[in-house]
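Residue-level structural notes
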Amino acid sequence: MSSLDWKALTAFAEKGIAGFHEKRLASLQKLKLKTVLKRKNPYLFKAKNLLTASDLVKTLLDAHLSSQEETIFGDFLEELAVYINGQVFGGKKSASEGIDLEFDRDGIRYLVSIKSGPNWGNSSQIKKMQDNFAKARKVLHTGNSKLHVQAVNGCCYGQDNQPNKSNYRKLCGQRFWAFVSGDELLYTRLVDPIGHRAKIKNEGFQKQYAKVVNLFAQEFMQDFCVDGEIDWVKLVEFNSENKGNKDD
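Since the structure is predicted, the reported quantities are computational estimates derived from the model, not experimental observations.

1. Here's the deal with the packing of helix α1 (residues 6–30) against helix α4 (residues 53–89)
Their axes nearest at 10 Å, the elements α1 and α4 cross at an angle of 155 degrees. It follows from the interaxial angle that α1 and α4 lie roughly antiparallel. When you trace α1 past α4, the crossing you get is right-handed. For the pair α1 and α4, contact is made by Ala8, Leu9, Phe12, Ala13, Gly16, Ile17, Phe20, Lys23, Arg24, Ser27 and Leu28 and by Leu61, His64, Leu65, Gln68, Glu69, Ile72, Phe73, Phe76, Glu79, Leu80, Tyr83 and Ile84, respectively. For the contact of α1 with α4, the class distribution of residues is 15 nonpolar, four polar and four charged.

Printed below as a string of structure tokens:
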């Protein structure tokens, strides 16, 4: 077991956060208003009594970005966990399908599937993860039948007070970061390196966000407003009208 190099960790986190902001900005810049309008529920917008084009556009963008950011940031946290474990225990990205981290500790080979939070999947997705664990175990035992293998579903935040599942362990939040690092307090110590220079990176994103809001609001006004009011019938027709054979 080795000690974490905090200077190196901060540099790694800063690079990862920069990448996070670059990816969310790229996602924002690629957006087309009508593409997003096709994917969202217009009845929800009406039920929330959104009266202005800018309010509707902001709600639309925020819903899209929230989903995108969860995925992008989740990828970064996975990379961070693998990096930290590599520094401390020599772990690495596994070659096995669906396994994000593989490492040895105290005579045990750990197979880790990393997710953002504890409520990450439905029953079929959890079954898929368990199948991946079983396949990876089988491969390892083919080479060494006596190898002690432990499967772990690691979650970067949240809680699960029943970590022992049927054929794997589920470690969330503090338990997970302590598991990959050997440091019980790492989950709070990570706040500083993750937040390093985050304000500067986010300011650039906010400028582009405001630009997109203004452009989308202008486009929405032209296409879905009449005399300054949202034409909800036209919006619902755009989103949901059957454009195929009327007899279908």
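2. A look at the sheet that holds strand β1 (residues 101–105)
What the four strands build is an open sheet, ordered β1-β2-β3-β4; its pairing is mixed. Edge positions in the open sheet fall to β1 and β4 (169–172), since each of these has one partner strand only. Between one strand axis and the next, the sheet turns through 30 degrees on average, direction left out of account. Relative to β4, strand β3 (residues 149–155) runs parallel, the two being bridged by four bridges. Bridge pairing in β4 links Val152 to Arg169. Contacting β1 and β2 (108–115), α4 runs over the sheet at an angle of about 25 degrees to β1.

3. A few points about the pattern of salt bridges
A full pass over the atoms with the stated rule returns 12 salt bridges. One salt bridge in this structure joins Asp223 and Lys34, with 3.2 Å as the shortest N-O distance. Here Lys34 lies in helix α2 (residues 33–39) and Asp223 lies in helix α9 (residues 198–224), a separation of 189 residues in the sequence. Judged by its relative accessible area of 23%, Asp223 falls in the partly exposed class. Glu78 is paired through a salt bridge with Lys93; the nearest N and O atoms lie 3.1 Å apart. Highlighted residues: Glu78 in helix α4 and Lys93 in the loop between α4 and β1, separated in sequence by 15 residues.

4. A few points about the pairing of β1
Two strands pair when backbone bridges link them, and β1 and β2 are joined in this way by five bridges, in the antiparallel orientation. Note on β2: the bridge partner recorded for Glu102 is Leu111. Once β1 ends, the chain turns through two residues before running back antiparallel as β2, passing Asp106 with a positive phi of about 55 degrees.

5. Re the environment of Leu140
In this structure, Leu140 sits in helix α5 (residues 123–143). A relative accessible area of 17% places Leu140 in the buried class. Residues Leu140 and Phe224, 84 residues apart in the sequence, show an inter-C-alpha distance of 59 Å. With residues near it in sequence (within four places) discarded, Leu140 still touches Glu102, Arg109, Leu111, Leu147 and Val149.

Cut-off values and rules
- Here, residues in each chain are numbered from 1, in the same order as that chain's written sequence.
- Given that this is a predicted model, residues contribute local features only at a pLDDT of at least 70 and side-chain atom pairs are listed and counted only at 80 or more, while totals for whole chains, interfaces and linings are drawn from all residues.
- Only hydrogens and water are set aside when side-chain values are computed; all heavy atoms of the structure are taken into account.
- Angles here are taken between N-to-C directions and fall from 0 to 180 degrees, while the axes themselves are lines fitted to C-alpha atoms, restricted in helices to the stretch in contact.
- Each helix is a run of DSSP H or I of at least 4 residues and each strand a run of E of at least 2, with the numbering of both proceeding from the N terminus.
- An angle below 35 degrees is treated as roughly parallel, one above 145 as roughly antiparallel, one from 65 to 115 as roughly perpendicular, and anything else as oblique.
- A crossing counts as left-handed when the near helix is turned anticlockwise from the far one by less than a right angle, and as right-handed when that turn is clockwise.
- We call two residues in contact whenever any of their non-hydrogen atoms come within 4.5 Å of each other.
- Here the nonpolar group is Ala, Val, Leu, Ile, Met, Phe, Trp, Tyr, Cys and Pro; Asp, Glu, Lys and Arg are the charged ones; every other residue, Gly included, is treated as polar.
- Here the rule is simple: two strands pair whenever DSSP picks up at least two bridges between them.
- Whenever a carboxyl oxygen of Asp or Glu lies within 4 Å of a side-chain nitrogen of Lys or Arg, that contact is scored as a salt bridge.
- A simple rule labels every residue: compare its accessible area, found with a 1.4 Å probe on the protein chains alone, to the largest value its type can have, and call it buried under 20%, exposed over 50%, or partly exposed in between.

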